[in-house]
Amino acid sequence: MAKIKRKNFDPQTHAINKEYLYIRILPLALQTMSHGFRYQGNEEQYYAEYNRLEKIKSSLKDILLSGIPSHMPSYQRHLATKAILEKTILDICCNNRKEIKNDLLNLVLNENMAAVEKYQIPLQREEKMLIRSDFDGNIYPQENESLSPFYKKLQKRKNTPKKYYPQSYNLEEIPVWESFAQFRNFRKLEEPLKEALAQMRVPPKSIKKLNAFDLADIIRSKVNYRENPHFESSRARFIKFFIANHEDEYRQYMLSNQPLISEAFRQKNILLPYNSPETYVKYIEKTVKDMKTKGNVPQIFTIHHKIDVQDGRQKKNLAEVNNKPNLCIILDTYHTIIHTLSKNYGNSEHNFYNLAKRIEIPADTVFFGGLSKEMQITHNFAEQNTNRLSKQADGGRNG
């Protein structure tokens, strides 16, 4: 890696160069921690990668400290980053898998991220299923052992009982419907679900025997939920919201970070979807279009829950886990690091409360393209809610 020399300290340029270092080193650290240094069995490739890492190590001072006056408050933090990355590279090359997790933890803490310990009330299986189905916009096949005896008997029934009508059903009589109804996606399916129950000729007085997995199976097999215009994954809904509000910031991030983006694709062994600066610009415009129309992000990104799904009881209801303020577009590498450093203590089968350790990103972050603040995009949800409530109040007065 060529040495970078600058006379003046530019935080944005400095952040870009530092993040390129991270995306070059951290995926190797994660891979080594999980499976060992990937070229350990191939001497030629091992030394080639070793030499590349050594060149990066020798350039750390110029990349991380060049142009930063030593009296600036950020100087010591950048100096600490240099020491952490030097140790990380050493631990990768030495296949020191146990130490790498500490290296990663020290790095994220040095970048002002928080490691939080909290008490957790474990979610039930059906609650996790509902959150996942709403988030993915897909209801997955249910395991046979999860279905109730009553529902299994309905499926095996050969005789045709009396006919019922959709208006005969009150879903509130099903105890688990309260959990379903917390999600907008499932509330919109209330009438189609009643029609499905009538089609199956389920006795209205017996619907209270249905469990959450029974209802999910009925929706999956009898309700054409994919064609329902109101049923959309929380993931896609958030991505469309993000690009509608932060298109210019997203485009600027992508334009400023082509080397980082290219390296992220290579680290995931994905063929680059562009081969020149001109086609890269076209690729960015394609990703913007895909985010607007399909709710898809580029392959090197994923969607992160700021409050972990497992910690869903921190929210007022289950649906809030998938609400926009709790979601964030994040580079895969950092998503993996956050979950690698998170931990649950105790056994949820025996303890009502679990002690959990979480790496948390700032609550207003909606795009996490790197550890540096310059690589992140925030959204003021509090101001948005205030404006919405103000408009509602004005509408009420005007009405």
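**Q** Can you explain the pattern of salt bridges? Please cite residues and give values.
**A** Inspection of the entire model under this criterion finds 24 salt bridges. Linking Glu285 and Arg251 is a salt bridge whose minimum nitrogen-to-oxygen distance equals 2.8 Å. Of this pair, Glu285 sits in helix H13 (residues 277-293) while Arg251 sits in helix H11 (residues 234-256), placing them 34 residues apart in sequence. Accessibility expressed as a relative area gives 18% for Arg251, which makes it buried.

**Q** I'd like to hear about the sheet that holds strand S1 (residues 114-120), residue by residue, with values.
**A** Across the sheet, three strands lie side by side as S1-S5-S4; this open sheet has antiparallel pairing. Edge strands, defined here as strands with exactly one partner in the open sheet, are S1 and strand S4 (343-345). With direction set aside, neighbouring strand axes in the sheet form an average angle of 20°. Relative to strand S5 (residues 354-360), S1 runs antiparallel, the two sharing seven bridges. Note that in S5 the partner of Glu117 across the bridge is Lys357.

**Q** Account for a positive patch on the surface, naming residues and giving values.
**A** A cluster of basic residues, Arg184, Arg187, Lys188 and Lys324, forms a positive patch on the protein surface. Here Lys324 lies in the loop between strand S2 (301-305) and strand S3 (327-331). Using a relative accessible area of 30% as the deciding quantity, one classes Lys324 as partly exposed.

**Q** Outline the environment of Gln124, supporting the account with residue identities and numerical values.
**A** Take Gln124: it is sitting in the loop between S1 and helix H5 (125-136). Along the chain, Gln124 and Gln310 lie 186 residues apart, while their C-alpha atoms are 9.6 Å from each other.

**Q** Lay out the packing of helix H1 (residues 11-35) against helix H4 (residues 97-110) with the relevant residues and their values.
**A** Contact geometry for H1 and H4: axes closest at 8 Å, N-to-C directions at 140°. Note that H1 runs across H4; the crossing there is left-handed. Judged by residue contacts, Tyr22, Leu26, Ala29, Leu30, Thr32, Met33, Ser34 and His35 of H1 engage Arg97, Ile100, Lys101, Leu104 and Leu107 from H4. Classifying every residue of the contact of H1 with H4 gives eight nonpolar, three polar and two charged.

Here is what the cut-offs are and how they apply
- Residues numbered from 1 in each chain as written.
- Predicted model: local features only at pLDDT ≥ 70, side-chain atom pairs only at ≥ 80, totals over all residues.
- Heavy atoms only, no water.
- Salt bridge = Lys/Arg side-chain N within 4 Å of Asp/Glu carboxyl O.
- Helix = DSSP H or I, 4+ residues; strand = E, 2+ residues; numbered from the N terminus.
- Buried < 20%, exposed > 50% of the residue type's maximum accessible area, 1.4 Å probe, protein only.
- Pairing = 2+ DSSP bridges.
- Axes fitted to C-alpha atoms, helices over the stretch in contact; angles between N-to-C directions.
- Patch = residues over 30% accessible without salt bridge, like charges linked within 9 Å, V, L, I, M, F, W, Y side chains within 5 Å.
- Areas by Shrake-Rupley, 256 points an atom, 1.4 Å probe, with all protein chains shown as cover.
- Lys, Arg positive; Asp, Glu negative; His and termini not counted.
- Charge placed at Lys NZ, Arg CZ, Asp CG, Glu CD.
- Left-handed = near helix turned anticlockwise from the far one by under 90°.
- Contact = heavy atoms within 4.5 Å.
- Nonpolar A, V, L, I, M, F, W, Y, C, P; charged D, E, K, R; others polar.

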